[in-house]
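Below, each chain spelled out in residue letters.
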Amino acid sequence: MNAHVLSGNQFMLGFAKQQFNEAGQLTDDRTLKFLTTCFETFQQFIQAHRLVPAE
């Protein structure tokens, strides 16, 4: 297999009901920072592999 795999950015939110406000927004700063890092890493991964031709 010639797979491109992004590892290390797994996420699980414990006590999810308490992590959101009435407007449905995530309120935990630590979780927000981690998710921001995950999405930035994912964007970099996609950009890096966009130039790789499909086989």
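So, here is what we can say about the structure in this document. Here the structure is a predicted model, which is why all the values come from computation and not from measurement. (Residues numbered from 1 in each chain as written. Predicted model: local features only at pLDDT ≥ 70, side-chain atom pairs only at ≥ 80, totals over all residues. Heavy atoms only, no water.)

### Comments concerning the overall build of the chain
So, point 1. A tally of regular secondary structure across the chain gives one helix and zero strands.
So, point 2. Its C-alpha atoms give the chain principal-axis dimensions of about 45 × 20 × 15 Å.
So, point 3. Here the chain holds 55 residues, and the buried ones make up 11% of them.
So, point 4. Taken together, the 4 basic and 5 acidic charged side chains of the chain have centroids lying 3 Å from each other. (Helix = DSSP H or I, 4+ residues; strand = E, 2+ residues; numbered from the N terminus. Buried < 20%, exposed > 50% of the residue type's maximum accessible area, 1.4 Å probe, protein only. Lys, Arg positive; Asp, Glu negative; His and termini not counted. Charge placed at Lys NZ, Arg CZ, Asp CG, Glu CD.)

### Examining a nonpolar patch on the surface
So, point 1. Together, Leu6, Phe42 and Ile46 make up a nonpolar patch on the protein surface, roughly 220 Å² of accessible area in all.
So, point 2. You can see Ile46 is positioned in helix H1 (residues 29–50). (Patch = residues over 30% accessible without salt bridge, like charges linked within 9 Å, V, L, I, M, F, W, Y side chains within 5 Å. Areas by Shrake-Rupley, 256 points an atom, 1.4 Å probe, with all protein chains shown as cover. Salt bridge = Lys/Arg side-chain N within 4 Å of Asp/Glu carboxyl O.)

### Thoughts on H1
Given 3.6 residues to a turn, an α-helix orients residues that are three or four positions apart in the same direction.
So, point 1. Its 22 residues give H1 an end-to-end C-alpha distance of 31 Å, which sits within 8% of 32 Å, the value for a rise of 1.5 Å per residue.
So, point 2. Among the residues making up H1, those that are buried are Thr31, Leu35, Cys38 and Phe45. Burial along H1 is one-sided: seen end-on, the buried residues are contained in an arc of 80°. Summarising the geometry of H1, the exposed residues directed more than 90 degrees from the buried face are Asp29, Lys33, Gln43 and Gln44. (Expected span 1.5 Å × (residues − 1). Arc of directions from axis to C-beta.)

### Considering the side chain of Thr31
So, point 1. Among the structural elements, Thr31 can be located in helix H1.
So, point 2. Among all residues touching Thr31, those that are not within four sequence positions of it are Phe11, Leu13 and Leu26. (Contact = heavy atoms within 4.5 Å.)

### Considerations on the side chain of Gln19
So, point 1. Among the secondary structure elements, Gln19 is positioned in the segment before H1.
So, point 2. Gln19 gets classed as buried once you look at its relative accessible area, which sits at 16%.
So, point 3. Residues within four places of Gln19 in sequence aside, it is in contact with Leu13, Gly14, Gln25, Leu26, Thr27 and Asp28.

### Observations regarding the environment of Ser7
So, point 1. Looking at where Ser7 falls in the secondary structure, it is placed in the segment before H1.
So, point 2. Sequence separation between Ser7 and Phe42 is 35 residues, and the spatial gap between their C-alpha atoms is 9.8 Å.

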